[in-house]
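Results of the structural survey
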Amino acid sequence: MIFLNILLLIVGMFFMIKGADLFVEGASKVAKAMKIPSLIIGLTLVSIGTSCPELSVSIQSALKGMNDMSFGNVIGSNIFNTFVVIGVSSIFVPMLVSKNMFKYDIPILIFIYVLLILMGFVITPNVINFWEGLILFLLMIAYTVFLIIRSKNEPQEEEKDDKPRKWYVNVLFIIIGLAGIIFGGDFVVDSASFIALKLGMSELLVGLTIVAIGTSLPELVTSMVAAKKGENDIAIGNAIGSSLFNVVLILSTSAMFSPMPIQMLQLVDVIVMLASAMMVLLFSAKKKEINRTGGIIFILVYVAYFTYIIIRNYI
């Protein structure tokens, strides 16, 4: 049975890699054809698309009463998005942080994280209730509208498409790619969770590690592929946008389905998540980029955090 799950893990990763390749290519060409900045596409379409596995897992977990896994999945995914997705991608090519992302998107992400801490540990301690979920959901709508307005006001650079295709072919690439990402992610999560639970890991630890990493692999693969293709805005926009939508879309929806209890122990994880966003802001403050050295530091911080939560589970 474990051998079968290892096989499904490999198959899932293959689907995600090929799906991410098609998805990034289709999305970047649609962005250019519609004269929409690649950053906006990365922050919205690509981010929501690659967050679909987290959305599915978190809602299912909430409905089944597995709140530790639901909350841990989102927090763990966001920590992974910042430290590993941005970290690994910046090793391939420096992650350029645009002026608008530095000015708007990263501070908005930090604000959302602070709000989540206030909701879960101060205003209504140890729970995210329906009304708090609704507030987060309304913030998602407001942020999306803000992105649309921004896309219309930002100056467009004329970009020549060396390999133009019919619009419906690009849309087909996006659909097929997204299907590969989602189904591949499902295979990875299911098989990895089975193996992890066999090892006696707690529900919270599974959510923070195996499930979080599994559902974040689409973001990792998509950003790596985008970075290698020179689509830097999509690469970093995907990581930041996905983290933001994980909270304002996934946590909000899960909380509205079922009130989400939170352990005080998880305050440490949320603080690490907040610190990860602040590190992105700090590292990009001077040169508006995260270089290879910064990427290595991000990865080392994640390894330290990963080691901590493993030790915490067994003491």
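What this report covers is the structure whose coordinates are included nearby. Remember, predicted model here, so these are calculated numbers, not experimental data.

Our next topic: the overall build of the protein. Scanning the protein from N- to C-terminus turns up 11 helices and four strands. Expressed as a percentage of the 315 residues in the protein, the buried residues total 52%.

Now for a nonpolar patch on the surface. Nonpolar side chains collect at one region of the surface, where M1, L4, L7, L8, V11, F14, F15 and F187 lie side by side and expose about 730 Å² of accessible area between them. Per-element accounting of the nonpolar patch gives the leading share, six residues, to helix α1 (residues 2-33). Inspection of the secondary structure assignment puts F187 in helix α7 (residues 167-198).

Counting residues in each nonpolar core, the largest one holds 75 residues, and the members touching the most others are I75, I86, I240 and V247. In contact with I75, not counting residues within four places along its chain, are L116, L208, D269, V270 and M273.

Bringing the pattern of salt bridges into the picture now. Where side chains of opposite charge bring their charged atoms close, a pairing between them can arise. Going through the model one piece at a time under the given rule, you end up with one salt bridge. Of the charged contacts in the structure, one is a salt bridge between D269 and R312, with a shortest N-O distance of 3.1 Å. Of this pair, D269 sits in helix α10 (residues 267-283) while R312 sits in helix α11 (residues 292-313), and the two are 43 residues apart along the sequence. For the residue pair D269 and R312, the accessibility class agrees, reading buried in each case.

Taking 1.5 Å per residue as the helical rise, α10 with its 17 residues ought to reach 24 Å, and the 24 Å between its terminal C-alpha atoms agrees with that figure. For α10, the complete set of buried residues consists of D269, V270, M273, L274, S276, A277, M279 and V280.

We note that N126 has phi near 70 degrees; this positive angle belongs to a residue other than glycine. Tracing the backbone through its elements, the reader meets N126 in the loop between α5 (99-123) and β2 (127-128). Residue K288 is not a glycine yet carries a positive backbone phi of 55 degrees. In this structure, K288 sits in the loop between α10 and β4 (289-290).

Within a pair of aromatic rings, the relevant descriptors are the distance that separates the centres and the angle that separates the planes. Under the definition given, this model contains eight aromatic pairs. Ring geometry for Y104 versus F146: centroids 5.3 Å apart, planes at 75 degrees, classification edge-to-face. In this pair, Y104 sits in helix α5 while F146 sits in helix α6 (residues 130-153), placing the two residues 42 residues apart along the sequence. With a centroid separation of 6.4 Å and an interplanar angle of 50 degrees, the aromatic rings of Y302 and Y305 are classed as tilted. Here the residue Y302 and the residue Y305 both occupy positions in helix α11, the gap between them amounting to three residues, near one helical turn. The residues Y302 and Y305 share a single accessibility class, namely buried. One aromatic cluster is present, formed by F80, Y302, Y305 and F306 through successive ring pairs.

Mapped onto the secondary structure, S193 falls in helix α7. Those residues within four positions of S193 in sequence are excluded, and the remaining contacts are V206, I210 and V211.

Procedures and definitions
Residues numbered from 1 in each chain as written. Predicted model: local features only at pLDDT ≥ 70, side-chain atom pairs only at ≥ 80, totals over all residues. Heavy atoms only, no water. Helix = DSSP H or I, 4+ residues; strand = E, 2+ residues; numbered from the N terminus. Buried < 20%, exposed > 50% of the residue type's maximum accessible area, 1.4 Å probe, protein only. Patch = residues over 30% accessible without salt bridge, like charges linked within 9 Å, V, L, I, M, F, W, Y side chains within 5 Å. Areas by Shrake-Rupley, 256 points an atom, 1.4 Å probe, with all protein chains shown as cover. Salt bridge = Lys/Arg side-chain N within 4 Å of Asp/Glu carboxyl O. Core = buried A, V, L, I, M, F, W, Y, C linked by side-chain atoms within 4.5 Å. Contact = heavy atoms within 4.5 Å. Expected span 1.5 Å × (residues − 1). Phe/Tyr/Trp six-rings, centres within 6.5 Å; stacked < 30°, edge-to-face > 60°.

On their own, these measurements won't tell you what the molecule is for.
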